[in-house]
Amino acid sequence: MAEPNCCGEELDQLVNDYLLAAAGSGEGASLPPPEAVRRLVLGGDFGGAAQRLAALCPALAENQWLQFQLKRHNFLLLAARVTAPTSGGGSTSDDSPEARAQQLQQALELAKRELAPLALHAYCEAYSDFKRCMLALLASGGGAEADSDLRQFAGMVARALRQELSASGGAAPGAPPQLLQLLRYLLLLHKHQHHGGFHPYWWPKVGAASQALCSCLLLPGRDALPPPELDTGAQDSYGGLPSGVRETDVQALRTSLGCDREEAVTLLRRSRGSASRALQDALQAVHIDEQLLRQLAEEYAASRGLEPLPASSAAEGSEADMQMDAQQQQQGDVQQQAVQQQAASPGKPERLRQSKVGSKRSAAAAAEGEVEAGAGQALELPAELSEHQLRRVMRRLERLLSAGQADEALQELEAADPAFLPDHPAAAFALHRCRFLQHLSGGGGTAAALAVVRQDLSPLAQQEPELQPQLKAALALLLPLPAASAGGDAAALKRQQQGVADALSALRAALRPRCHVREPQLLNLLRDLLSLHQAHFKLQRCQDRFASELGLTALKASAPAPASTAATGGAAAASGGSLVAAAIAAEAQEALAAAGEVPVPGVREVTSESEGDEMDEDSEEDEFADDGAGVPESAIVTVCEFTGLPRHTAIDLLLVHGGDPAAVLAQMFP
């Protein structure tokens with residue numbers, strides 16, 4: 001029996017990938033191209049920013065709006081130094097009249113040779129902006145406003161470059177970790193609902209700790225949308241939507257991001273009509289406190305025993321692994337030789353490469369190495385165990401039992417905690433039964449197996465009557481006396497393996513109550529945000545079109561239930577079944593949407609048998625579960641398009657008017 005999951009493996013993988021990416025982007029690592037250009041602009045190196053843009057995206061670097069803005073901000077920076085008030089402690093080298101005169105001369109030369117020629121034809125408002133620049137030489141102060149303007153411009157440039165690289169396929173190597181994008185998405189949804197003001201009575205409550213984390217993680221401000229002049233590929237059509245933009249995509253973005261229709265249309269226009277790229281563009285414009293997120297991810301990894309590799313120890317780990325591989329090659333271990341051959345690829349340390357295969361495999365490998373390193377140490381069973389300590393104990397016991405050393409495992413448990421096995425008769429019975437099967441299969445013969453029955457199994461079965469059937473099943477194996485070659489019999493080997501698995505499961509169940517460890521903050525935060533996400537789309541009466549793309553479908557399918565639900569086996573099974581059904585329904589919807597048969601945003605068929613699987617998971621008595629059952633999706637999209645109302649409000653109006661969008665529009669626009 002597998003170890004009960006306190007978290008899904010999907011979240012383990014997301015956290016592990018994020019920590020690997022964070023370790024790879026530490027000190028000494030190169031910044032992604034958009035962030036490098038942003039830093040150059042904020043540092044006042046406008047010439048360096050122009051050269052970097054020309055190397056990365058020539059089409060964007062040749063944009064006249066961008067060229068004018070780079071020179072304008074350079075001029076404003078020089079003008080701010082000229083008009084800045086002098087320091088009270090006396091003149092410095094920058095405050096001296098000679099220095100100010102030199103900076104004024106530089107600003108005038110820049111305006112004369114570079115800024116003025118572009119002001120005539122860069123864009124429509126360029127000449128007005130040029131005149132305001134010249135007035136900045138006469139005005140004093142305004143430094144804070146200039147800094148804010150520069151930060152906004154730097155965000156525009158970074159966002160435009162990111163979008164251009166994404167459209168040309170050049171952003172794949174620097175794609176953000178999925179956990180980062182997922183949190184941006186859920187935090188935007190939380191912000192939208194927190195300030196929305198409309199909350200039904202069944203709306204989930206977000207805990208105070210999660211509320212505080214949301215306010216700290218989501219930083220105020222985001223990269224502004226670049227103006228149309230900076231869009232190198234926009235081809236707008238007159239009298240309707242821009243070319244390539246569908247109204248269903250507009251409504252999908254509005255429902256998922258909480259933005260208005262104008263912003264959704266702009267996002268789709270900039271992404272050439274791709275709703276997926278528009279979503280990624282909007283999410284990457286959001287700023288997250290990555291230092292706090294990394295702390296949360298490290299806390300989660302520590303509680304789960306993931307043990308991600310820090311960036312500082314990557315080289316040391318690689319050297320240690322190479323030495324270990326050399327020793328294993330000398331010993332003639334064939335399996336370790338295969339691992340060493342795979343690790344010989346240049347430029348990738350073995351631990352980093354193995355970690356990318358999956359968090360579960362990397363955690364198991366690290367724990368196995370730890371067990372081997374501490375094989376000579378005594379087993380410890382403290383009164384309170386961390387998740388990592390429990391995993392280490394179980395892997396050590398598993399190694400002993402799998403090697404046929406059940407007697408040694410029993411001795412170590414008794415030495416670590418003499419009261420453990422007497423207090424848990426089911427675990428003791430399973431362990432002694434494992435000893436019985438090992439003796440029966442050739443480890444000591446029939447006589448040793450009978451001794452285990454008389455001395456250990458029978459007293460435990462008399463103490464606990466529910467163990468009597470297992471004792472009879474063990475005795476039944478003695479009726480046909482085993483032959484001398486029974487150790488090589490496939491059936492006997494299978495029984496022995498099953499006995500080891502049952503013993504490990506019973507021991508784990510007995511040790512689990514000792515893990516009185518607080519759940520990771522990241523887990524609680526995601527649980528609250530996922531509940532909010534589910535309630536939001538229940539209110540909108542549709543499924544999230546971008547759930548699978550962001551990993552939400554897989555995360556929900558493997559997400560842990562709350563403690564009250566997890567305590568009841570039947571309730572947990574029912575919750576897991578509904579999540580799996582919701583995932584299957586979402587995949588079917590995606591297939592229909594790809595075939596062009598679903599006019600979305602992520603809309604489920606109203607006649608589907610799975611209606612309410614996801615939406616009614618936490619509110620079986622919800623009287624609004626099937627309110628939108630008779631409303632066509634085309635009518636909902638029409639009302640949202642012409643009125644700008646939220647989706648749930650449009651559905652309510654259509655229900656009042658019998659699903660007729662013309663009647664709704666006639667009432668709103670008489």
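Not measured: the values here are computed from a predicted model.

Q: Just to check I follow, could you spell out the pattern of salt bridges for this structure?
A: Pairing between side chains of opposite charge can happen when their charged atoms approach one another. Under the defined criterion, the tally for this structure stands at 23 salt bridges. In this structure, the salt-bridge partner of aspartate 249 is arginine 545, at a minimum N-O distance of 2.5 Å. A residue pair is termed long-range when its members are at least 10 positions apart, and aspartate 249 in helix H11 (residues 247-257) and arginine 545 in the loop between helix H26 (521-540) and helix H27 (547-550) qualify at 296 residues. The partly exposed category is assigned to arginine 545, whose relative accessible area is 24%. Here aspartate 417 makes a salt bridge to arginine 514, at a shortest N to O gap of 2.6 Å. Of this pair, aspartate 417 sits in the loop between helix H20 (406-416) and helix H21 (420-423) while arginine 514 sits in the loop between helix H25 (490-511) and H26; the two residues are 97 residues apart in sequence, bridging distant segments of the chain.

Q: Sorry if this is basic, but what is going on with the nonpolar core here?
A: Buried together is how nonpolar side chains tend to be arranged in soluble globular proteins. Counting residues in hydrophobic clusters, the biggest one holds 54 residues, and the most contacted among them are Val15, Tyr185, Leu253 and Leu257. If you tally residues by element for this core, the top one is helix H9 (residues 178-194), at 8 residues.

Q: What exactly am I supposed to notice about the packing of aromatic side chains here?
A: The description of two aromatic rings rests on the distance between their centres and on the angle between their planes. Scanning the entire structure with this criterion turns up 5 aromatic pairs. With a centroid separation of 5.6 Å and 85° between ring planes, the pair formed by phenylalanine 68 and tyrosine 123 is classed as edge-to-face. With phenylalanine 68 in helix H5 (residues 64-83) and tyrosine 123 in the loop between helix H6 (97-119) and helix H7 (126-135), this residue pair connects regions lying 55 residues apart in the sequence. In this structure, phenylalanine 68 and tyrosine 123 share a single accessibility class: buried. Summarising the aromatic geometry, the rings of tryptophan 202 and tryptophan 203 are spaced 5.9 Å apart at their centres and angled 40° between planes, so their arrangement reads as tilted. Of the two residues, tryptophan 202 and tryptophan 203, neither departs from the other in class, the shared state being buried. Of the aromatic side chains, those joined through ring pairs into one cluster are Trp65, Phe68, Tyr123 and Phe153. Over the aromatic face of tryptophan 202 sits the side chain of lysine 538, whose NZ or CZ is 4.2 Å from the ring centroid.

Q: Can you walk me through the environment of alanine 301 in this structure?
A: Topologically, alanine 301 is positioned in helix H14 (residues 290-304). Residue alanine 301 is classed as buried on the basis of its relative accessible area of 1%.

Q: Quick question: what am I supposed to make of the confidence of the model for the chain here?
A: In regions of low pLDDT, the predicted coordinates are not meant to be interpreted in detail. The predicted model of the chain averages 74 in pLDDT, with 69% of residues at 70 or higher. Predicted confidence for residues 482-487 stays below pLDDT 50, and this span has 4 contacts to residues more than four positions away or in other chains.

Q: Where do I start with the packing of helix H31 (residues 633-643) against helix H32 (residues 647-656) in this structure?
A: The geometry of a pair of packed helices is captured by two quantities: the angle between their axes and the separation between those axes. Direction vectors running N to C along H31 and H32 enclose 115°, while the axes themselves pass 9 Å from each other. One way to sum up the angle between H31 and H32 is to call them roughly perpendicular. Judged by the sense of rotation from one axis to the other, the crossing of H31 with H32 is right-handed. Facing Glu633, Ala635, Ile636, Val639 and Cys640 of H31, the residues of H32 in contact are Arg647, Ala650, Ile651 and Leu654. Here the residues of the contact of H31 with H32 sort into 7 nonpolar, no polar and 2 charged.

Parameters and conventions
- Residues numbered from 1 in each chain as written.
- Predicted model: local features only at pLDDT ≥ 70, side-chain atom pairs only at ≥ 80, totals over all residues.
- Heavy atoms only, no water.
- Salt bridge = Lys/Arg side-chain N within 4 Å of Asp/Glu carboxyl O.
- Helix = DSSP H or I, 4+ residues; strand = E, 2+ residues; numbered from the N terminus.
- Buried < 20%, exposed > 50% of the residue type's maximum accessible area, 1.4 Å probe, protein only.
- Core = buried A, V, L, I, M, F, W, Y, C linked by side-chain atoms within 4.5 Å.
- Phe/Tyr/Trp six-rings, centres within 6.5 Å; stacked < 30°, edge-to-face > 60°.
- Lys NZ or Arg CZ within 6 Å of the ring centre and 35° of its normal.
- pLDDT = per-residue confidence, 0-100.
- Contact = heavy atoms within 4.5 Å.
- Axes fitted to C-alpha atoms, helices over the stretch in contact; angles between N-to-C directions.
- Parallel < 35°, antiparallel > 145°, perpendicular 65-115°, else oblique.
- Left-handed = near helix turned anticlockwise from the far one by under 90°.
- Nonpolar A, V, L, I, M, F, W, Y, C, P; charged D, E, K, R; others polar.

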